[in-house]
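# A look at the structure
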Amino acid sequence: MALQRFLGGYARLAKLPEPQPASVALASLCERVRRLVDERIRVEVAPQLRVIADADQLEQVLINLLRNAVEAGGTVPVELRAWAENGQARVQVRDRGEGLPSSDSLFVPFFTTKSGGSGIGLVLSRQILEAQQGSLELQSRAPEAGTVAELRLPLAQEG
């Protein structure tokens, strides 16, 4: 079973398709992902906010990050927020779970802190975003409980 997870994860990492970037309405994409993952997620995204991204791949990234946040637990609902800043969209997934493990290995392929985890979700998410001129970082919410996953993507030009 562990070998199957490893091989499946390796195949997904090795076959990441070329992104098809286009202008994406972030608010509607975030709302769709919220309905897929958990209705309790609170979404705060300006309706006019648009990014240049591959919508399908960005949806996969958000699903992965939101599932991680929901699984992390905590009593306060997970927040999905986005805003424009310095020509980029900053998108944050904020949870109130136990926080980040003390490890530098979170973005190492096949490293996982979850039983049954494949260890490719964060690596794949970062790879997807970097292929689209974006980034992904994880930060502790210390001194509060929880984690913030922050991704950045180029804003779409208005007009």
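Residues numbered from 1 in each chain as written. Predicted model: local features only at pLDDT ≥ 70, side-chain atom pairs only at ≥ 80, totals over all residues. Heavy atoms only, no water.

## Topic: the overall build of the protein
From N to C terminus, the protein includes four helices and seven strands. When the 159 residues of the protein are sorted by exposure, 39% land in the buried category. A separation of at least 24 residues holds for 67% of the contacts in the protein among residues at least 6 apart in sequence. Carbon together with sulfur atoms contributes 50% to the accessible area of the protein, which is approximately 8,900 Å² in total. (Helix = DSSP H or I, 4+ residues; strand = E, 2+ residues; numbered from the N terminus. Buried < 20%, exposed > 50% of the residue type's maximum accessible area, 1.4 Å probe, protein only. Contact = heavy atoms within 4.5 Å. Areas by Shrake-Rupley, 256 points an atom, 1.4 Å probe, with all protein chains shown as cover.)

## A few points about the pairing of strand β4 (residues 79-85)
Two elements, strand β2 (residues 42-45) and β4, share four bridges in a ladder whose sense is parallel. Of the residues in β4, the one forming a bridge with Glu44 is Arg81. When β4 meets strand β5 (residues 88-94), the two strands line up antiparallel, connected through seven bridges. When the sheet's bridge partners are listed, Trp83 is paired in β5 with Arg90. Linking β4 to β5, which pair antiparallel, is a turn of two residues; within it Asn86 sits at a positive phi near 55 degrees. (Pairing = 2+ DSSP bridges.)

## Focus on the nonpolar core
Judged by nonpolar contacts, the single largest core of 33 residues is most densely connected at Leu26, Leu58, Leu62 and Leu151. Mapped onto this core, the elements with two or more residues apiece are α2 (26-37), β3 (50-53), α3 (55-72), β4, β5, α4 (121-130) and β7 (147-154). Take this core: its biggest share by element is seven residues, from α3. Among all residues touching Leu26, those that are not within four sequence positions of it are Val45, Leu49, Val51, Leu58, Ala82, Ala89 and Val91. (Core = buried A, V, L, I, M, F, W, Y, C linked by side-chain atoms within 4.5 Å.)

## With respect to the packing of α2 against α3
Interaxial distance between α2 and α3 falls to 10 Å at its minimum, and their mutual angle equals 45 degrees. Accordingly, the angle class assigned to the pair α2 and α3 is oblique. Pair α2 / α3 crosses with right-handed handedness. On α3, the residues touching Leu26, Leu29, Cys30, Arg32, Val33, Leu36 and Val37 of α2 are Ala55, Leu58, Glu59, Leu62, Ile63, Leu66, Arg67 and Val70. Looking at the contact of α2 with α3 residue by residue, the classes come out as twelve nonpolar, no polar and three charged. (Axes fitted to C-alpha atoms, helices over the stretch in contact; angles between N-to-C directions. Parallel < 35°, antiparallel > 145°, perpendicular 65-115°, else oblique. Left-handed = near helix turned anticlockwise from the far one by under 90°. Nonpolar A, V, L, I, M, F, W, Y, C, P; charged D, E, K, R; others polar.)

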